[in-house]
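Observations on chain architecture
Each chain, letter by letter, is given below.
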Amino acid sequence: MSTHYETLQQADTYREAFAVEPPAALGERHLWPRKPGFFIVHAATAAALSQPPGAAPEAAPPSTDNAAPARVLVPAQWGLVPHWVKSASDAKLRAPKLVNAKSDTASTGTAFRDAWLKGQRCIVPMAAFYEDDLRSGKAVPTRVARVDGKPMGVAGLWARWQGADGEVIISYCLLTVNANNHALLHRYGQPGSEKSMPAILNEGAYDAWLTARPEKAKEFMRQYAAQWLTANPVEKKADKVPKGLLG
């Protein structure tokens, strides 16, 4: 389960790979739980997310137009905050534990069910994600990226939380798939535990993922082929988990 990924650090990459305008500020390269990141949705969904306090946003309905809907980059917190969370302090405690959602239980789990059933799906752009290699008995951070160096669009869920005082938190999580039999990713994570990997989408499936009906969405939850990925250990201080972050 990845709790660390690498964001895109070149503005043109957003346009070329995801057909969205880049943010004014690219943000931190290394992203950890509860840190500000970005996700991609269609323009109609982004408009709903920016509605004033009191409005209830809905995901955009499936498009009947032949033209692909425009995509928009939305700034948000990594770590889902479900709409039923009672306070900002509760949201702060829950979010670090809700950065990943298992795709096989997302439609039934308490924290993610509403987002899944309401079609609150997004694409999370990233350059790479990190997993710990524990085979030596010591955690070695390992950077996993595409072999061709292109960015990845990972399937995710978004949520909009609004407090009693009007405070709004837009958040998201990554969707993961089982990787027990994945030729590359089965090596990483705790020995004996279920292995998982982010649900990396094929480029041609981005719009279909965002508009699919809930009962069809799980068809997109597939392993990304091992031969299209590369994994390299890193020992740079910046690539390791900040002390006490998840404690």
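The text that follows walks through the structure, step by step, so that each part is easy to find. Nothing here was measured: the structure is a model prediction, and the numbers come from that model.

The next thing to look at is the packing of aromatic side chains. What the rule picks out here adds up to six aromatic pairs. Relative to Trp78, the ring of Tyr5 has its centre 4.8 Å away and its plane inclined at 70°; by these criteria the two rings are edge-to-face. Residue Tyr5 is located in strand β1 (residues 5-6), and its partner Trp78 is located in strand β4 (residues 71-78); the two are separated by 73 residues in the primary sequence. Both residues of the pair, Tyr5 and Trp78, count as buried. With 5.8 Å between their ring centres and 65° between their planes, Phe39 and Tyr172 make a pair best called edge-to-face. Of this pair, Phe39 sits in strand β3 (residues 36-42) while Tyr172 sits in strand β10 (residues 168-178), and the two are 133 residues apart along the sequence. Accessibility assignment for this pair places Phe39 and Tyr172 in one class, buried. Ring-pair connections join several aromatic residues into one group, and the members of that group are Trp116, Trp209 and Phe220. Taking NZ or CZ as reference, Arg121 lies 5.2 Å from the ring centre of Trp209, over its face.

Let's shift gears to the pattern of salt bridges. Once the charged atoms of two side chains with opposite charge are near each other, the side chains can pair. If you walk through the whole model with that rule in mind, you get 11 salt bridges. Across the salt bridge formed by Asp12 and Arg15, the nearest N and O atoms sit 2.9 Å from each other. Of the two residues, Asp12 and Arg15 both sit in helix α1 (residues 11-18), three residues apart, roughly one turn of that helix. Given a relative accessible area of 45%, Asp12 falls into the partly exposed group. Put simply, Asp148 and Arg146 hold a salt bridge, and the shortest N to O gap is 2.7 Å. Of the residues examined, Asp148 reaches a relative accessible area of 45% and is grouped as partly exposed. Taking relative accessible area as the criterion, Arg146 reaches 7% and is therefore assigned buried.

Right, let's get into the sheet that holds strand β8 (residues 140-146). An order of β2-β1-β7-β8-β13 is seen for the five strands of this open sheet, with the pairing classed as antiparallel. The open sheet terminates on both sides in strands that have one partner only, identified here as β2 (30-31) and β13 (229-233). As paired strands, β1 and β2 are joined by two bridges and run antiparallel to one another. Bridge pairing links Tyr5 to Leu31 in β2.

This part is about the environment of Ala70. On the secondary structure map, Ala70 appears in the loop between α2 (43-49) and β4. Separated by 29 residues in the primary sequence, Ala70 and Val41 place their C-alpha atoms 8.6 Å from one another.

Among the six residues in strand β6 (residues 121-126), six count as buried, and that is most of the element. Side chains Arg121, Ile123 and Pro125 of β6 all project onto a buried face; the interleaved residues Cys122, Val124 and Met126 project onto the opposite face, where all are buried too. With six bridges joining them, β6 and strand β9 (residues 152-162) adopt antiparallel strand pairing. The partner of Met126 across the bridge, within β9, is Met152.

One can find Asp207 in helix α5 (residues 206-211). A polar contact of 2.7 Å, which involves the side chain of Asp207, links it to the side chain of His42. Within polar-contact distance, the side chain of Asp207 engages the side chain of Arg71 at 3.0 Å. Discounting residues that sit within four places of it in the chain, Asp207 has contacts with His42, Ala68, Pro69 and Arg71.

Before going further, it helps to examine the environment of Leu31. Mapped onto the elements of the fold, Leu31 is located in strand β2. Exposure remark for Leu31: the relative accessible area of 1% places this residue in the buried category. Between the alpha carbons of Leu31 and Tyr5 there is a distance of 5.4 Å; along the sequence they are 26 residues apart.

With that out of the way, let us pick up unusual backbone geometry. The phi angle at Ala19 is positive, at roughly 55°, despite the residue not being glycine. One can find Ala19 in the loop between α1 and β2. One non-glycine residue, Arg34, lies in the positive phi region at around 70°. Mapped onto the elements, Arg34 comes out in the loop between β2 and β3.

About the thresholds
Residues numbered from 1 in each chain as written. Predicted model: local features only at pLDDT ≥ 70, side-chain atom pairs only at ≥ 80, totals over all residues. Heavy atoms only, no water. Phe/Tyr/Trp six-rings, centres within 6.5 Å; stacked < 30°, edge-to-face > 60°. Helix = DSSP H or I, 4+ residues; strand = E, 2+ residues; numbered from the N terminus. Buried < 20%, exposed > 50% of the residue type's maximum accessible area, 1.4 Å probe, protein only. Lys NZ or Arg CZ within 6 Å of the ring centre and 35° of its normal. Salt bridge = Lys/Arg side-chain N within 4 Å of Asp/Glu carboxyl O. Pairing = 2+ DSSP bridges. Polar contact = N/O pair within 3.5 Å; in protein donor to acceptor, adjacent residues only side chain to side chain. Contact = heavy atoms within 4.5 Å.

Note that all results are geometric; they support no functional claim without further evidence.
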